[in-house]
Amino acid sequence: MLVLLLVVFGMSAYPSLGIDLNPDVDFPIVTVRITYTGASPEEMESLITKPVEDAVSSVSGIKTLSSVSREGSSETTIEFEFGTNAKLAANEVREKVAGVRRRLPEEIDEPVVQRFDITAQAILYFSMASDVRNRGEIRKIAVDLVKDDLQRLDGVAEVNVYGAAEREIHIYLDPQKLEAYNVTFQQILELANNQNINTPGGRVNEKGTELTVRTIGKYRSVQDIKDIVVANQQGRLIRMSDIANVEDGWAEERVYARTDGQPSVMLSVQKQSGSNTVDVAERVKKQVEHLRNNVLPPDMKVTMTRDSSVYIRDSVEDVIVSLVFGSFLAVFITFLFLRNGRATIICAIAIPTSIIATFFLMKSMNFTLNNMSLMGLSLSVGILIDDAIVVIENIFRHMEEGKSPFEAAKDGTQEIALAVMATTLSILAVFVPVGNMGLVIGQFFKQFGLTVAFAVAFSLFVAFTLTPTLAAYWLKPHSTETVAPRGFSRLVQKMLDSFENGFLAVRTLYVFILRWALQRPKKLVVVAVLSLFINVMLTPFLGVEFQPTYDSGEFNIVMNAPAGTSIDRMKELVTPIEKLVLEIPELEAAYLLVGQNRQTYRSTLGIRLISASERDRSMTQIMDELRFKLRGVRNLKTAVQNNQGVGRGDSRPVQLALRGPELEALSHYAQDLAEKIRQIPGSADVDISSEQSEPEVLVRMDPARMGEIGVDATAVGDVIQMAFLGKTTKNQYNIADSDYDIRVQLQEQSRLNIDDVANLRISTKSGTFARLGDVAEVKLSSGPTQIDREGRQRQVIVYSNAVGVSAGEIIAKVRDLLPELNLPLGYSTKFVGSAQMMQESFAEIGKALVLAIILIYMVLAAEFESFVHPLTIMLSLPFSLVGAILGLLVAAKTINIMALIGVIMLMGLVTKNAILLVDYTNQLRANGMEVVEALVEAGAVRLRPILMTTAAMIFGMLPVALGIGAGAELRSSMGVVLVGGLITSTMLTLIIVPLVYLLIDRMQNRLKHDKAKDAGITV
C-alpha cells in the first residue's frame, strides 16, 4: 500500500508540473540601462558608463563587470559569483546607481536596474500587416487593441511592439524666420510646453454649493498649437504658424519591419519567470485568434513568425516517446531472459511505479518537465528495472532449485540484498554530485541528476518490497506449468527456447574463456591496459564543443552595413538577401528587422522553417547553403546564427576578447587576429565587435569668439540638440486616453548636411544671432560605433562560427595564434561567451567526476567492509571509456557537456556488473570454495543477471542514442556514451574483474605468507 500511496501522490502531482525547454536557471546577473538620446558612444562612456562602473564596483561578490556603450545607450552588466542572491544584489546595485545619479547628465532617462532572467524571455513573435493601412496606423491598432489585451493574460510579463514609429506632433521651425522675428529655440520650447497645461484652482462657495475652479490650457487640436502667440512686436502678434510648420505625424523611424516581404509591425510576447512556456503560448495564440476573428479589422493579417513552444512541445513529446519505447524494449529483453510472463510483469511494474512516484518529489522540488528532467527519466528506464531484474532472477533461480515461491522470495532477496544495495548506492553516489555541481551548468543539470536519483531510490524501494511480495504470492512453482502451449503461445515458446539455447551456448563459451584466462591473468591484464591507453589516444580525433547544435527550425541572418548607412539605404541593401530567403522551399515564415539596437546599419532576418519531419534537409544544411550564397554579397557583412548559445550576448561559439587602454590599437589587433582566423578551415562569420567607425559632424567651440559675442558651450549645445535631434515638451498632447510627444525641431530641409550645421543661428545674450560656423570649428570626423568594456578597461571581441568542425578545434588554433599578436604591455586576451563557459563547465564536470569516483569507493568500502574489493570492482570504470570513445567516433559526435555527463553517469552504472561478480564470489569462498572455482561459478551464475541488466539498460537508452525526433541531437551524445561504455565495460569486466580479483588474492596470500615467515611461524 505504501508503494501505491507514492504512485497516487505522483499521479496527482503530474498535471501541475510545468513544461519548458530547459530548467529554470538563475543567472546572478544585474544590468543597468541608461539612455541619453543623441549622445555618441564616447560621450556615453565618459559621462555615464564610467561613473556607473565606479559606483557599482564596490558591491561585494562581483565576478565580472562589463559594459557596452552605443549611440544614445549605455548598458552595464554585473555578473556575481555563483550562489549570490540576485534580488539582494540588484537592490544593492540600485542604491549605488541612485547615489551616482546626481553626477550624470540631467537629460538622461532614469536608469533602469533589473535582474537578467533567462526564463522571462520572449516566447512568441508575430507580425501585423495590412494592404490598405500605413504602419503607423497598424502600430496604433497593435498598441490599443492587441498589446493591452495580451498583457492581461495569466503568465504574460510584457508585450513589446516595434517596427513602426509612434504618433508625434512636430513643430518644424524655420531658422530664417526665427532670426527675422528675433525668437529663440528655447522660447518656442517653453511656450509650447507652458501653454499645454490644466491647472487646479481650488474651490468657491456659491449659495451653499461648492464649485471646483480649474484652469484649462491643454491643446484640443493641432490648430491650438498653430495659434500660440510667440511674440508681440509693436502690436503685431507673431503666431506659431508664422515661424513653424506644425504637423500631426510620426516620430523619426529608426526601426523598420517586414514579414514575408510585406511591411509590418512586430510584436513579441515575454513570459513571466517560472511560468509554463507551452501553456502561456497556447493562451496567447488562442487570444490572438480571437482578436483576429472578432476585434481586428478584416484587412489586418496576423502572421506567427517565431513560436518556441512548438519546438518545446515536440522535444518533450519526443523524450516521452523515447521513455515509453525504451521501457518496452527493456521489458522485452527481460522477458527473453526470464522466459516467464508473470516474472516479467513483476519486473516491469518497477518502471511506472518508480517514474510516477518521482513526479511527486519533482513537484516538491519545483522541477518542471523539461529536456533535462525528462532525459534523466528516459535514460534511467533501464536502470529502474535492474534492481527488480536481479531480485526476481535470484528468486527464480531458487525456485528452480525446488523451493516454494515464498521461500524463494525470502532467501533470494536476502542473498542478493547486499549486491543490489551496493549497485543502487553507487549510482546514487554518481548522480548526487551531478545534481550539486556549481556554476550555471550545475543549475542546468541539477534537475537531471536529482530526478534520476529520486527514480533510482524509488526503484530500490520497490525491488525490496513490492517485487519479492508479488513473487511470493503470484509466481507459480516450475513443476505446475506442464500444459503444452498452442498457437501463438507455441511460437513464443519456440522463440524463448531458441534464445535460451543461445544463451546457454554463450555461457558455456564464457566459462571456457574464463578458465583459459584465469590460467594467464598477468598477460591478459597487461593487454587490457594497453588497449585502454591506445583507445585514449584516439580522443584528439574527437571534436570539442560546449553543446551540440540541434534542429530547432529557427535561425537568424545578422547583416551589418557600413556605419552611418541610413535606414532607407539599408532597406535597399537587405532586399536581395530577403528575396533569397523567401525562395527557401522549407520556409514557413521570415521577418526582417532593420535597426537593431536602434542602429540603422544593423539588421536581422529571422527565419522559421517547417517542421523537421516535413523536410528533407536539416537546419544546419540550409544554414550552410545560405552562407555559401551570401559570400558574394557586397556592402554588407553577414552572419548566419542559430541563437543556441547559453547565456547572454552573441551566440557564436568562438569569442576572444582583446583588452587594453587604446581603442584604435585594440581594433587594429582584432582586425589582424580576425584575418588570421578567417584562414582557419571551418571558421565562418568572422567579425569583431567594433570593426568600423561611424561618420560624425564635430563641433569644436572657440572660447575667444564665444566670449566676444556672449554665449557659452551649454547654450550652444542645447540649440544644436534642439535643432537637429529635437526636444520634446514635458507636457504631452492628449487625445482621448492616449498621450503623444510634442517635438520642437528644425525643419527637414534645414538639416541635410554639414553646411546646415555650420549655418545654424545661435542666439546671444545681447539678443542678436550669430552663425555657428563663426564661433566654432565644424568639421567631418569619425568615432566608434560601440565601446565594449570589461574589468573597467576597453575591449574588442572577435567572433567566429564553426562549420564542419567543432568549436573546440578552432579555439585551440586561435590559442596558438595569440603569441603572434605580440601585444604590448597593458594589453591582454581572454576567451569569453560560450568559449569561456565551456572551459568553466568542463572544469566543473571534472570535479564532479572525481567526487563521484571517491563516493563510489566509499560506498563500496562500507558495503563490503574491505578496502581491496572496491578497487577490484572499480577497475571496470576505465574500461567503460573504451566504448564511450569508440561510440562517439563511430557516431561522429563531439566531446561536449552532454557526453561528459554521460561519462559520469557511466561510472555509476558499470560497477553494477563487477559488484554482482565480486559479491557472489565472496559468498562462495565463505562457503569454502577455492578462489578459481568460485570465480568461474560466480561468472556462470551471474552471467544471466549481468546480461539481462546490461541489455535492459542499453535498450532502454537506445532511443536516446539513436537521436531521432525533435531536439534529439542535444541528447544523443549522452546516449551514445552510455550505450558504447556499457557494451565494452560488460565484455571486458566479465573477464578482467575475475583476473584482477585472482591477482589481488594471490598478492594478499603472498603478503600473509611473508609476514608469517618473518614472525617465525611455519605455514
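Computed from a predicted model, the values in this text were never measured in an experiment. (Residues numbered from 1 in each chain as written. Predicted model: local features only at pLDDT ≥ 70, side-chain atom pairs only at ≥ 80, totals over all residues. Heavy atoms only, no water.)

Read across the open sheet, the four strands follow the order S6-S15-S5-S16; overall the sheet is antiparallel. Two strands lie at the open edges of the sheet, namely strand S6 (156-162) and strand S16 (300-307), each paired on one side alone. Between one strand and the next, the sheet's axes are offset by a mean angle of 20°, whatever the strand orientation. Of the strand pairs in this sheet, strand S5 (residues 122-130) and strand S15 (residues 265-271) are connected by six bridges, and their pairing is antiparallel. Counted as the bridge partner of Met128 is Val265 from S15. (Pairing = 2+ DSSP bridges. Helix = DSSP H or I, 4+ residues; strand = E, 2+ residues; numbered from the N terminus. Axes fitted to C-alpha atoms, helices over the stretch in contact; angles between N-to-C directions.)

It is worth spelling out the domain arrangement of the chain at this point. Each assigned domain of the chain is listed with its residue range as follows: domain 1 (26-117), domain 2 (167-252 + 695-784), domain 3 (498-541 + 866-1009) and domain 4 (551-643). Relative placement of domain 1 and domain 3: their C-alpha centres are 55 Å apart. (Domains from an automatic or database assignment.)

What follows concerns the pattern of salt bridges. Where charged atoms from two side chains of opposite charge approach closely, those side chains can pair. Tallying each qualifying case throughout the model produces 51 salt bridges. The closest approach of N and O atoms between Asp144 and Lys140, which form a salt bridge, is 2.7 Å. Of the two residues, Asp144 and Lys140 are both situated in helix H4 (residues 135-151); the distance of four residues between them amounts to about one turn of the helix. On the basis of relative accessibility, which here comes to 36%, the residue Asp144 falls in the partly exposed class. The shortest N-O distance in the salt bridge between Glu625 and Arg617 comes to 2.7 Å. The network of salt bridges with shared partners includes Glu45, Glu53, Arg789 and Arg794. (Salt bridge = Lys/Arg side-chain N within 4 Å of Asp/Glu carboxyl O. Buried < 20%, exposed > 50% of the residue type's maximum accessible area, 1.4 Å probe, protein only.)

Enumeration over the complete set of coordinates arrives at eleven aromatic pairs. Here Phe337 and Phe499 contribute two aromatic rings whose centre-to-centre distance is 5.0 Å and whose plane-to-plane angle is 90°, an arrangement assigned as edge-to-face. On the criterion of sequence distance, the pair formed by Phe337 in helix H10 (residues 308-338) and Phe499 in helix H17 (residues 488-518) is long-range, its members being 162 residues apart. Note on Phe337: relative accessible area 7%, which makes it buried. Of the residues examined, Phe499 reaches a relative accessible area of 28% and is grouped as partly exposed. Measuring from ring centre to ring centre gives 6.1 Å for Tyr669 and Tyr827, while their planes differ by 65°; the resulting arrangement is edge-to-face. Of this pair, Tyr669 sits in helix H21 (residues 663-678) while Tyr827 sits in the loop between helix H26 (807-817) and strand S32 (828-831), placing them 158 residues apart in sequence. (Phe/Tyr/Trp six-rings, centres within 6.5 Å; stacked < 30°, edge-to-face > 60°.)

On to the sheet that holds strand S17 (residues 554-560). Spatially, six strands are ordered S14-S13-S18-S19-S17-S20 in an open sheet, and the strand pairing comes out antiparallel. In this open sheet, the two strands that pair with only one neighbour each are strand S14 (262-263) and strand S20 (637-641). Of the pairings in the sheet, the one linking strand S13 (residues 256-259) to S14 comprises two bridges and is antiparallel in character. Within S14, the position partnered with Arg258 by the bridge is Pro263.

At a closest axis distance of 9 Å, the pairing of helix H2 (residues 41-56) and helix H3 (residues 86-100) adopts a crossing angle of 130°. Taken as axis vectors, H2 and H3 run oblique relative to one another. Relative to H3, H2 is oriented so that their crossing is right-handed. On H3, the residues touching Pro51, Ala55 and Val56 of H2 are Val93, Lys96, Val97 and Val100. In the contact of H2 with H3, the residues fall into six nonpolar, no polar and one charged. (Parallel < 35°, antiparallel > 145°, perpendicular 65-115°, else oblique. Left-handed = near helix turned anticlockwise from the far one by under 90°. Contact = heavy atoms within 4.5 Å. Nonpolar A, V, L, I, M, F, W, Y, C, P; charged D, E, K, R; others polar.)

Let us now look at empty space enclosed by the protein. If you walk through the whole model with that rule in mind, you get one cavity of 30 Å³ or more. A volume near 30 Å³ is recorded for the largest cavity. What lines the largest cavity is simply His869, Thr872, Tyr997, Ile1000, Asp1001 and Gln1004. Considering each element in turn, the lining of the largest cavity owes the most residues, four residues, to helix H32 (residues 968-1014). Looking at the lining of the largest cavity residue by residue, the classes come out as two nonpolar, three polar and one charged. (1 Å grid on protein atoms, 1.4 Å probe; cavity = no way out; pocket = protein on both sides within 12 Å on 5 of 7 lines; lining within 4 Å. Points joined across faces, edges and corners; volume = space filled by probe spheres on them.)

What follows deals with the pairing of strand S30 (residues 786-790). Most of S30 sits out of view: five of its five residues are buried. Of the two faces of S30, the one lined by Gln786, Asp788 and Glu790 and the one lined by Ile787 and Arg789 are each fully buried. Bridge count between S30 and strand S31 (residues 793-802): three bridges; the pairing is antiparallel. Bridged to Asp788 within S31 is Gln795. Here S30 hands over to S31 after two residues, with Gly791 in that stretch at a positive phi of 65°.

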